[in-house]
Amino acid sequence: SQQGEEDPQALSIQEGENATMNCSYKTSINNLQWYRQNSGRGLVHLILIRSNEREKHSGRLRVTLDTSKKSSSLLITASRAADTASYFCAYPTGANNLFFGTGTRLTVIP
Amino acid sequence: SQTIHQWPATLVQPVGSPLSLECTVEGTSNPNLYWYRQAAGRGLQLLFYSVGIGQISSEVPQNLSASRPQDRQFILSSKKLLLSDSGFYLCAWKKFVGWTEAFFGQGTRLTVV
């Protein structure tokens, strides 16, 4: 299966702590993306990391990519209650498809 | 700026009834368009994508069909809904060339009763 696997499936932390989510994939990719989904809403793109990049930052987000291990991680630093959401990794498969992982449900407790 | 509209937000339909979900994109031309379905607490399953008017690719054989009558309009349909068609349906678009980010609509919660 090409499907990305994310772990943990669910994560609960206190406000102010850091949250780390991991994504593994099985195919060769040219980029990997992370998305956020608030409950019952559409997905919002957070960050894209290309296959020739190892680390990327955007505000409180830090993404790493290890193509040798076919894995990526998303770190949210100094979490806030508003960060509560599901987070998905996604990557292109073929010219026109974007394949999504199973997601990590993050709960940040105020 | 580009926007994507998807409606309705929620829908309750009886088994055997038809379905039509519509998605339109503004502010861009010749986008790739996508329909995904998300089961409760799960990831996204790609149902259909389209790279141009009248061009539809199906990823999963099922009770649904898609059409793209205009460049920025994408429709998901069914002639007869099944209970298993219940779920959260998401429309998305991306630029035709290259793999940058995808932009999603707000989704339609479909419950088949």
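Preceding this section is the structure that the text describes.
Cut-offs used in this document
Residues numbered from 1 in each chain as written. Chains lettered and ligands numbered in written order. Predicted model: local features only at pLDDT ≥ 70, side-chain atom pairs only at ≥ 80, totals over all residues. Heavy atoms only, no water. Helix = DSSP H or I, 4+ residues; strand = E, 2+ residues; numbered from the N terminus. Rg over C-alpha atoms; globule rule 2.2 N^0.38 Å. Buried < 20%, exposed > 50% of the residue type's maximum accessible area, 1.4 Å probe, protein only. Contact = heavy atoms within 4.5 Å. Areas by Shrake-Rupley, 256 points an atom, 1.4 Å probe, with all protein chains shown as cover. Buried area = accessible area lost by both parts, 1.4 Å probe. Salt bridge = Lys/Arg side-chain N within 4 Å of Asp/Glu carboxyl O. Polar contact = N/O pair within 3.5 Å; in protein donor to acceptor, adjacent residues only side chain to side chain. Nonpolar A, V, L, I, M, F, W, Y, C, P; charged D, E, K, R; others polar. Disulfide = S-S within 2.5 Å. Phe/Tyr/Trp six-rings, centres within 6.5 Å; stacked < 30°, edge-to-face > 60°.

A. Inspection of the overall build of chain B at higher detail. Tallying secondary structure elements over chain B gives 0 helices and 11 strands in all. For chain B, the C-alpha radius of gyration of 13 Å lies close to 13 Å, the compact-globule estimate for 113 residues. Dimensions of chain B along its principal axes, counting C-alpha atoms only, are 40 × 30 × 20 Å. For chain B, the proportion of its 113 residues judged to be buried stands at 48%. If you take every contact in chain B between residues at least 6 apart in sequence, the share linking residues at least 24 apart comes to 55%. Carbon and sulfur atoms make up 54% of the accessible area of chain B, which totals about 5,200 Å².

B. Examining the interface of chain A and chain B more closely. Facing the 21 residues of chain A at the interface are 23 residues of chain B. Note on chain A versus chain B: buried area summed over both sides is about 1,700 Å², and carbon and sulfur give 52% of it. In this structure, the connection of chain A to chain B is made through 0 salt bridges. Remark: the boundary between chain A and chain B carries 5 residue pairs in polar contact (both at pLDDT 80 or more). The set of elements that each furnish at least two residues to the side of chain A that touches chain B consists of strand E4 (31-37), strand E5 (43-50), strand E9 (85-93) and strand E10 (97-100) of chain A. Partitioning the side of chain A that touches chain B into residue classes produces 8 nonpolar, 11 polar and 2 charged.

C. Spatial organisation of the state of the cysteines. Residues and elements named next belong to chain A. Counted according to the given criterion, the structure contains 2 disulfides over all chains. Disulfide partner of Cys23: Cys89, at an S-S distance of 2.0 Å. Here the S-S torsion is close to 65°, and the disulfide linking Cys23 with Cys89 is therefore right-handed. Here Cys23, found in strand E3 (residues 19-24), pairs with Cys89, found in strand E9; they are 66 residues apart in sequence, far enough to count as distant. Look at Cys23 and you get buried, because its relative accessible area is 1%. Of the residues examined, Cys89 reaches a relative accessible area of 0% and is grouped as buried.

D. A look at the side chain of Arg36(A). All names here are of chain A. Of note, Arg36 is situated in strand E4. A distance of 3.0 Å separates a polar atom in the side chain of Arg36 from a polar atom in the side chain of Asn38. Polar side-chain contacts of Arg36 include one of 3.3 Å to the side chain of Tyr87.

E. Structural context of the packing of aromatic side chains. Taken as a whole and judged by the stated rule, the model has 11 aromatic pairs over all chains. Both rings, one in Phe100(A) and one in Tyr36(B), keep their centres 5.4 Å apart while their planes meet at 85°; by these two values the pair is edge-to-face. Of this pair, Phe100(A) sits in strand E10 while Tyr36(B) sits in strand E4 (residues 32-38), each in a different chain. Pair check on accessibility: Phe100(A) and Tyr36(B) agree, each one buried. Through a chain of ring-to-ring contacts, the aromatic side chains of Tyr35(A), Phe100(A), Tyr34(B), Tyr36(B), Tyr49(B) and Phe104(B) assemble into a single cluster.

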